[in-house]
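Breakdown of the fold
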Amino acid sequence: EICACLVGSEMCIRDRSWIFISAFVILLVPAVYGYTHYDVYYNLDSTLPRDLDSIVANSKLTDEFNMSSTHMLLADSNMKSKDVNIMLKEMEGVDGVKFALGLDTLIGPAIPEEIIPDSVKSILKSDKWQLIMIGSEYMTATDEVNEQVEVLNNIAKSYDKNAMLIGEAPATKDLIEVTDNDFKTVSAVSIVLIFLIITVVLRSVSLPVILVAVIESAIFMNMGIPAYTGTELPFIASIVIGTIQLGATVDYAILMTTRYKKER
């Protein structure tokens, strides 16, 4: 009778397994969609207190001068004044650029550079580099300013291949490109390593696939919720949540699976 009862219980569990599998598949579809469509922000200034001096200064620039970010261009100090002025005129024609100023544009062609005091000239020009300021009306970390930075970089490189466009917006653009690739690499490597660990510990090929799939699905669900609630996440949230949840839950996955095999 006991054996018959145990066999009946196991058959009952097997008969209901399709419910869990169906629920898993149904929930996975919106989870994956949300995971691939949630919004992120890279401008960490938006999370800082509004009364900070730097935030107050940036707000005044935006309100009074319609200037949201400033780029700095480092170009060869030996570049001819004519070429510099042509380059700056071309940059001023780029969408969203409010001004492009350097030493040559400030003193003009009528004043020889030799009569400018070194104390003044050294602010914008050294033996190797000259500094050019470019004002933008676009906010940092937006698609518009990223496209603007790309165009300005191309213009600068056409006149000086060693020119460097620096500042908050160009640095943020680099951050977006670098972190996007690095986070995907870290996630892929983490999944592979966790898969190998489970394979070695449990000595199975099918169990690592099942456990990693369940863990990743839970991550998709967590990261997918903001897409439906309209919540914008910081760019680092995905890698923090993904790696921590993957690393934390794998221990319990191994523990519960080992206990399950022992009971079987």
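Details of the structure are given in the entry above.
A short tour of the structure in this document, coming up. The structure presented is a predicted model; accordingly, all values stated were derived computationally and were not measured. (Residues numbered from 1 in each chain as written. Predicted model: local features only at pLDDT ≥ 70, side-chain atom pairs only at ≥ 80, totals over all residues. Heavy atoms only, no water.)

**Re the pairing of strand β2 (residues 69-76)**
Across eight bridges, β2 lies against strand β4 (residues 129-136) in antiparallel orientation. Following the sheet pairing, aspartate 76 is matched in β4 by tryptophan 129. Sheet topology places β2 next to strand β5 (residues 164-166); three bridges connect them, and they run antiparallel. The partner of methionine 72 across the bridge, within β5, is isoleucine 166. (Pairing = 2+ DSSP bridges. Helix = DSSP H or I, 4+ residues; strand = E, 2+ residues; numbered from the N terminus.)

**Describing the sheet that holds strand β3 (residues 97-101)**
Strand order in this open sheet of four strands is β3-β4-β2-β5, and the pairing throughout is antiparallel. With one partner strand each, in any of the chains shown, β3 and β5 form the two edges of the open sheet. With direction set aside, neighbouring strand axes in the sheet form an average angle of 20 degrees. (Axes fitted to C-alpha atoms, helices over the stretch in contact; angles between N-to-C directions.)

**Considerations on helix α8 (residues 206-229)**
An α-helical segment advances 3.6 residues per turn. Residues three or four places apart therefore align on the same side. An ideal rise of 1.5 Å per residue puts 34 Å on 24 residues; α8 measures up with 35 Å between its terminal C-alpha atoms. The largest bend in α8 comes to about 25 degrees, at methionine 223, with the proline proline 226 one to four residues further on. Within α8, the full set of buried residues consists of Leu207, Pro208, Leu211, Val212, Ile215, Glu216, Ser217, Ile219, Phe220, Met223, Gly224 and Pro226. Backbone geometry just downstream of α8 places glycine 230 in the positive-phi region, at approximately 75 degrees. (Expected span 1.5 Å × (residues − 1). Bend = angle between axes of the 7 residues up to and from the residue. Buried < 20%, exposed > 50% of the residue type's maximum accessible area, 1.4 Å probe, protein only.)

**Looking at the layout of surface pockets**
Reported here for the largest pocket is a volume of approximately 520 Å³. What lines the largest pocket is a set of 14 residues, and nearest its centre among them are Ile210, Leu211, Val214, Met256 and Thr257. Mapped by element, the contributors of at least two residues to the lining of the largest pocket are α1 (2-35), α8 and α9 (237-263). At six residues, α9 tops the list of elements feeding residues into the lining of the largest pocket. Across the lining of the largest pocket, the residue classes break down as 12 nonpolar, two polar and no charged. Estimates place the volume of the second largest pocket at around 440 Å³. What lines the second largest pocket is a set of 21 residues, and nearest its centre among them are Tyr35, Tyr38, Phe183, Lys184 and Ser238. For the lining of the second largest pocket, the elements supplying multiple residues, two or more each, are α7 (168-202), α8 and α9. When residues in the lining of the second largest pocket are grouped by element, the largest group, seven residues, is from α7. The residue makeup of the lining of the second largest pocket, split by class, is 11 nonpolar, seven polar and three charged. (1 Å grid on protein atoms, 1.4 Å probe; cavity = no way out; pocket = protein on both sides within 12 Å on 5 of 7 lines; lining within 4 Å. Points joined across faces, edges and corners; volume = space filled by probe spheres on them. Nonpolar A, V, L, I, M, F, W, Y, C, P; charged D, E, K, R; others polar.)

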